[in-house]
Amino acid sequence: MSLLRILTERITTTGPITLADYMSEALLHPTYGYYATRDPLGAAGDFTTAPEISQMFGELIGLSLAQCWLDQGAPAAITLAELGPGRGTLMADILRATARLPGFHAALTLTLVEASPTLRAVQATTLQAHTPDWLDSVHALPEQPLYLVANEFFDALPVHQYQRDGAHWRERMVGAQEGLLHMGLGPAAPQPALAHRLEDTAQGDIVEICPAAVPIIDTISTRIHDHGGAALIVDYGDWRSLGDTLQALKAHATTDPLTDPGTADLTTHVDFEALTQAARCPFTRVTPQGVFLERLGITQRAQTLAQTLRDAPLEAHIAAHRRLTHPTEMGNLFKVLGLYPNGAAPPPGLEP
Ligand code: SAH
């Protein structure tokens, strides 16, 4: 059996499924889902993320979160959490960078929200010394100050796509024919959730919505509102989505998202406006990753690290700095959104 066969049989019997259903199955099906079955990260995998490019990314995120903790009076019992921690590299760098901050490690309980059993096992090894707890969802996050990071997590959540038709919208649906999957369109209907998009779209435009992100932002922003803390959300995307941004990646190259479900990573651009609309605490401006990292001093940190390196490792380090920050690489495509409590300063590197 393959996931392609499971889905074509299901669609043939019960009709086309939404793109969101398709993405959920392709990424998280317990037997055949992409994340459920593999470690997709790094040179040998399908894609590389910022923490896998350089330790500087996690170090600077760690210092920003730790500064929020200090600014908020160094609360004695906090949750340090990550959504979708991948290999645990980002959290390991955060913990190393904050190890010498008096009281911080003693105050924190490390909590990881991770759907993939395979990646939980990798995280257990990477973060062994810090005895993490794992949660299936943010709803179980403890009622205490929450310092949270999510890098390339929201882009993996399932989205619905709609194509504009007059003042109505037709949902893009995944259908099946002769054992293959293809995109089609559902009937035209009004979409109250897209009322605001009638202003800035034209006939035939495609927009995406990610209902799964709403309760997640609602919960973490409620914890931060009620108990203090901060969240740093890093992802590719922009203020408002426009167009079909669904992308499938396999072995570092793009591939067709419907060809062989469960074997490629599927992502879409994050609609940061939608995240801010779900927030129940103050949020920062959406800031390009390159600007955020420069404000936190990545260039000085890069120079310090460079002094210990020579030859190929030095060249790789210089390339990694450029890759994280340069506007033509990840510097502009990736954005950072911060959440913080009323009356507190925003996380360092970000502005109200
Ligand atoms: N943050 C890491 C990994 C990004 S890949 C890094 O920057 O390297 C996306 C991560 O989110 C993976 O760990 C994946 O298993 C996890 N994930 C995807 N969808 C999820 C969901 N619905 N719930 C929990 N974790 C999820």
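Since the model is a prediction, treat every value here as computed from it, not as a measurement.

S.K.: I would appreciate a short explanation of the site of the ligand in the present structure.
M.R.: Neighbouring the ligand are 19 residues, the closest being Thr 49, Gly 84, Gly 86, Glu 114 and Asn 151. Within the backbone of Gly 84, a nitrogen or oxygen atom sits 2.7 Å from a nitrogen atom of the ligand. A distance of 3.0 Å separates an oxygen atom of the ligand from a polar backbone atom of Gly 86. Protein chains bury 94% of the 570 Å² of accessible surface belonging to the ligand in isolation.

S.K.: It is not clear to me how the nonpolar core should be interpreted in this structure. Could you clarify?
M.R.: Across soluble globular proteins, nonpolar side chains have a tendency to be buried as a group. Core analysis: the biggest nonpolar cluster contains 40 residues, and Phe 57, Ile 61, Leu 80, Met 91, Leu 110, Phe 292 and Leu 324 have the highest contact counts within it. The element best represented in this core is helix α5 (residues 55–71), accounting for 8 residues. If we ignore the near neighbours within four places in the chain, the residues touching Phe 292 are Ile 61, Leu 232, Thr 287, Val 336, Pro 348, Gly 349 and Leu 350. Leu 83, Leu 157, Ile 224 and Ala 279 belong to the second largest nonpolar core, which has 27 residues in total.

S.K.: Hey, could you run me through the sheet that holds strand β12 (residues 253–255) in this one?
M.R.: Taken in spatial order, the 3 strands of this open sheet run β12-β11-β13, and their pairing is antiparallel. Either end of the sheet is taken by a strand with one partner, and the two such strands are β12 and β13 (265–267). Pairs of neighbouring strands in the sheet enclose a mean axial angle of 40°, with direction left out of account. The pairing of strand β11 (residues 247–250) with β13 spans 3 bridges and is classified as antiparallel. Bridge assignment links Ala 248 to a residue of β13, and that residue is Leu 266.

S.K.: Looking at this structure, I do not really get unusual backbone geometry. What am I missing?
M.R.: Although it is not a glycine, Thr 131 sits at a positive phi angle of roughly 35°. Position of Thr 131 among the secondary structure elements: in the loop between α8 (117–126) and β4 (133–135). One non-glycine residue, Asp 311, lies in positive phi territory at about 55°. With respect to the helices and strands, Asp 311 occurs in helix α13 (residues 311–325).

S.K.: Help me understand helix α6 (residues 89–97) in this model?
M.R.: Given 3.6 residues per helical turn, the α-helix brings residues three or four places apart onto the same face. Among the residues of α6, those classed as buried are Leu 90, Met 91, Asp 93, Ile 94 and Leu 95. In this structure, the buried side of α6 is in contact with α4 (50–53), α5, β2 (78–83), α7 (104–107), β3 (108–113) and β5 (146–151).

S.K.: What is the right way to look at the pairing of strand β6 (residues 160–165) in this model?
M.R.: Regular strands place their side chains on alternate faces of the sheet. In this structure, β6 lies alongside strand β9 (residues 206–209), joined through 4 bridges in antiparallel fashion. Counterpart to His 160 in the pairing with β9 is Ile 209. Where β6 lies against strand β7 (residues 168–177), 4 bridges are found, and the strand directions are antiparallel. In the strand pairing of β7, Gln 163 is matched with Arg 170. What sits between β6 and β7 in their antiparallel hairpin is a turn of 2 residues, with Gly 166 showing a positive phi close to 65°.

How each quantity is defined
Residues numbered from 1 in each chain as written. Predicted model: local features only at pLDDT ≥ 70, side-chain atom pairs only at ≥ 80, totals over all residues. Heavy atoms only, no water. Near = heavy atom within 4 Å. Polar contact = N/O pair within 3.5 Å; in protein donor to acceptor, adjacent residues only side chain to side chain. Areas by Shrake-Rupley, 256 points an atom, 1.4 Å probe, with all protein chains shown as cover. Core = buried A, V, L, I, M, F, W, Y, C linked by side-chain atoms within 4.5 Å. Buried < 20%, exposed > 50% of the residue type's maximum accessible area, 1.4 Å probe, protein only. Helix = DSSP H or I, 4+ residues; strand = E, 2+ residues; numbered from the N terminus. Contact = heavy atoms within 4.5 Å. Pairing = 2+ DSSP bridges. Axes fitted to C-alpha atoms, helices over the stretch in contact; angles between N-to-C directions.

Interpretation in functional terms is not warranted from these geometric data alone.
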